[in-house]
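Okay, here's what each chain looks like letter by letter:
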Amino acid sequence: MKYLKPFNFFTFLLLLIALPALSLAKPGLVIEITEGAEGALPIAVVPFKWTGSVAQRPEHNVGSIISNDLKRSGLFNPLEESKMLTRPSTGDEVDFRDWRTVAVENIVVGQVQPNGSGGYLVRFQLFDVYKGEQITGFSVPTTASNLRSTAHQIADIVYETLTGQAGAFNTRIAYVTSVNRGDKKNIALQIADADGFGPETIVESSEPIMSPAWSPDGKKLAYVSFENSKPSIFVQEVYTGRRVKVSSFKGINGAPAWSPDGRYLAMTLSKGGNPDIYVMNVNTRKLRQLTSHWGIDTEPAWSPDGKFIVFTSDRPGKPQIYRVAVTGGAAERLTFEGSYNARASYSPDGKNLVMVTRVNGHYRIATLDLENMRLNVLTNGSLDESPSFAPNGSMVIYATTTGGRAELSAVSFDGRVRQRLALQSGDVREPVWSPYTK
Amino acid sequence: MKVRMFQWGLMLAAVLLFSGCSTFMKSDSDGSGDGASVSESGDASTSGASRGGIWQGHPLDNPDSPLYTKVIYFDFDVSDIRQESIPTLRAHAEYLLSNTGASITVEGHCDERGSREYNIGLGERRASAIKRFMEAEGVSSSQINTISYGEERPADPGHGEAAWSMNRRGVLVY
């Protein structure tokens, strides 16, 4: 057994060299943390040991995926692998003195074992370095195609155990990309893991694609497509690719938003002469008009309890955020600070809105505390738009423009941690974070 | 197989020879024409211009006509038609009035600032403002379609006022 160790380390080094090359080959999102948080928790996640044959070694190291997830959250400061004095893979191999020396408070160790044909068993343990005690540990059976997902689940467990808040690493993002192909644009709706890995195109067109919205079960996306030179709202099953056109009225068919129970879509239609908010029963396609005003009413979003819809309206002259009961009635204006507030959506706990606000001519992302109505600007760009909460409310992903290119950024709810997600080439915009998927 | 290839080659050579020959002959006959060649039409730079200087192409393609302009521009966050755009729109209205079989799609566009779906609304308002102007001039509403592209199809991909002013526009597509 011992003779395997140097060999393992060598192949691990090879993996370190090969992995960036592999990710370069895919047109995925590259994540870079641009502003870290001071006071992040020092932790060590040791690369997980593969106990099978070299030929069958999985492509991804579970420990590295967990480490990257925790780092991206901004709440953890994982120890660099080069600074690890030893590489234990079980609790018995951990000498807590080694880890106190490098001042980490917690350590995660684990192994990946072959488990039947094409299957793996992932074991991991989380320790408190100063107490020298195990805090938690699991054995998780998985498959090659689910290995990254399993790693994200373990990161969620570590995150929740140490912060008390649910993790959101095992989730996905959807976004729209635009790449020049000659004098035409290739516009695509893509989905990827929340860490940018494994992007897949689910629809592409030379005409605009807009406003993706996840169904609450994370299995469908509603979006607007201008194919055939008119905007229509489609609902597409993410995993089968099957889709239906649900709205193609005269004029605008835009801004689809799912009710929390997944039975209704709020949307913007201008079939009545100007843009108003409607609610459609997704099964029967029956429509109900919710707002009726000569102004532009658009960008509906549901409250998590399903009782209210917030929307953008320029009825006071400039766009501001309004709230109306789903059952109808008078709309109440929510934003008074600034001359431009648009595209609001609720935080998962329903206590805040996130929106686009204009500050001295710059378009930025802000939250509005619905209790004290205080506006808190989170970003410092000029063309920031399309904010979307992570399902645990810890981060907001949004679109920004840097150096003439459209890319994605994520910022922590308190604005302290920021990261950028860029494509290798072309523009990327309109990110939406998926709900939790089982 | 070899024979086939040879035959194809021979045919190809013949075609090339023939087509080369016919082009030569055509230009020869042009040169020996009645003198109405392109070079004699003075400073006219298009071959569509005739002896008398009267436009003979489609009226919508005449660079000297107000109909030639099919894009009008807007100020930031508004849909009011600028004074300078009125002659252009009036000319198009007259054209549609006298060509009732013709129809247009009016595209409304915005610059990239602000939220995308709000800009779809703003683009529609711009397209509708143009449509209403045409209708007030007497054009039948059945001749005018509108579509808003919001900020999704910028004319200039840049990120500054120079680009933005080119992107806040209404486009008439016949």
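Residues numbered from 1 in each chain as written. Chains lettered and ligands numbered in written order. Predicted model: local features only at pLDDT ≥ 70, side-chain atom pairs only at ≥ 80, totals over all residues. Heavy atoms only, no water.

### A word on the interface of chain B and chain A
Counting from both sides, the interface comprises 22 residues of chain B and, opposite them, 38 residues of chain A. Contact between chain B and chain A buries roughly 2,400 Å² in total, counting both sides, with carbon and sulfur atoms accounting for 56%. Viewed at the interface, chain A and chain B are joined by five salt bridges. Arg 116 of chain B is the partner of Glu 385 of chain A in a salt bridge, and the nearest nitrogen-oxygen pair spans 2.8 Å. Across the chain B-chain A interface, the total number found is twelve residue pairs in polar contact (both at pLDDT 80 or more). Of all the elements in the fold, those that place two or more residues in the side of chain B that touches chain A are helix 3 (116–136) and strand 3 (144–150) of chain B. With eight residues, the single largest contributor to the side of chain B that touches chain A is helix 3 of chain B. Here the side of chain B that touches chain A is built from residues that sort into seven nonpolar, five polar and ten charged. (Contact = heavy atoms within 4.5 Å. Buried area = accessible area lost by both parts, 1.4 Å probe. Salt bridge = Lys/Arg side-chain N within 4 Å of Asp/Glu carboxyl O. Polar contact = N/O pair within 3.5 Å; in protein donor to acceptor, adjacent residues only side chain to side chain. Helix = DSSP H or I, 4+ residues; strand = E, 2+ residues; numbered from the N terminus. Nonpolar A, V, L, I, M, F, W, Y, C, P; charged D, E, K, R; others polar.)

### A closer look at the pairing of strand 3 of chain B
All names here are of chain B. The buried count for strand 3 comes to five of seven residues, which makes it a mostly enclosed element. Direction of pairing for strand 2 (residues 104–109) relative to strand 3: parallel, over a ladder of six bridges. Note that in strand 3 the partner of Val 106 across the bridge is Thr 146. Since strand 2 and strand 3 lie parallel, the crossover through helix 3 that links them has a hand, and here it is right-handed. (Buried < 20%, exposed > 50% of the residue type's maximum accessible area, 1.4 Å probe, protein only. Pairing = 2+ DSSP bridges. Right-handed = clockwise from strand over helix to strand, strands pointing away.)

### Some details on the pattern of salt bridges
Evaluated as defined, the whole model comprises 28 salt bridges over all chains. Between Asp 195 of chain A and Arg 148 of chain A there is a salt bridge, and its shortest N-O distance comes to 2.8 Å. One end of the pair, Asp 195 of chain A, is in the loop between strand 9 (184–193) and strand 10 (200–205); the other, Arg 148 of chain A, is in helix 4 (residues 147–163), with 47 residues separating them in the sequence. Taking relative accessible area as the criterion, Asp 195 of chain A reaches 14% and is therefore assigned buried. Linking Arg 168 of chain B and Glu 161 of chain B is a salt bridge whose minimum nitrogen-to-oxygen distance equals 2.9 Å.

### Structural notes on the sheet that holds strand 19 (residues 297–302) of chain A
Residue and element names in this part refer to chain A. If you walk across this open sheet you meet the four strands as 19-20-21-22, and the pairing is antiparallel. Of all strands in the sheet, those bounded by a partner on one side alone are strand 19 and strand 22 (332–333). As paired elements, strand 19 and strand 20 (residues 308–313) share four bridges and run antiparallel to each other. Bridge pairing in strand 20 places Asp 297 opposite Ser 313.

### Thoughts on the confidence of the model for chain B
Residues and elements named next belong to chain B. Per-residue confidence for chain B gives a mean pLDDT of 79, with 70% of residues at or over 70. In this model residues 9–45 is a low-confidence stretch, pLDDT under 50, and it forms four contacts with partners more than four residues away in sequence or in other chains. The ipTM for the predicted assembly is 0.88, set against a pTM of 0.84. (pLDDT = per-residue confidence, 0-100.)

### Some remarks on the packing of aromatic side chains
Residue and element names in this part refer to chain A. Inspection of the entire model under this criterion finds twelve aromatic pairs over all chains. Considering the side-chain rings of Tyr 159 and Phe 169, the 5.4 Å spacing of their centres and the 90 degrees angle between planes classify their relative orientation as edge-to-face. Residue Tyr 159 is located in helix 4, and its partner Phe 169 is located in the loop between helix 4 and strand 8 (172–181); the two are separated by ten residues in the primary sequence. Residues Tyr 159 and Phe 169 agree in their burial class; the two are buried. Taken together, Phe 76, Tyr 159 and Phe 169 form an aromatic cluster joined through their ring pairs. (Phe/Tyr/Trp six-rings, centres within 6.5 Å; stacked < 30°, edge-to-face > 60°.)

### Considering helix 2 (residues 86–98) of chain B
Residues and elements named next belong to chain B. When the terminal C-alpha atoms of helix 2 are compared, their 18 Å separation across 13 residues agrees well with the 18 Å that a helix rising 1.5 Å per residue should span. Of the residues making up helix 2, those classed as buried are Ile 86, Thr 88, Leu 89, Ala 91, His 92, Ala 93, Tyr 95 and Leu 96. Where helix 2 is buried, its residues touch strand 1 (71–73), strand 2, helix 3 and strand 4 (169–173). (Expected span 1.5 Å × (residues − 1).)

### Quick look at the packing of helix 2 of chain B against helix 3 of chain B
Each packed pair of helices is defined by two parameters, the angle between the axes and the distance between the axes. Residues and elements named next belong to chain B. One way to put it is that helix 2 packs onto helix 3 with a least axis distance of 9 Å and a crossing angle of 60 degrees. As summarised for this structure, helix 2 and helix 3 are arranged oblique, according to the angle between their axes. Judged by the twist between their axes, the crossing of helix 2 over helix 3 is right-handed. Across the interface between the two elements, Ile 86, Leu 89, Arg 90, His 92, Ala 93 and Leu 96 from helix 2 touch Ile 130, Phe 133 and Met 134 from helix 3. (Axes fitted to C-alpha atoms, helices over the stretch in contact; angles between N-to-C directions. Parallel < 35°, antiparallel > 145°, perpendicular 65-115°, else oblique. Left-handed = near helix turned anticlockwise from the far one by under 90°.)

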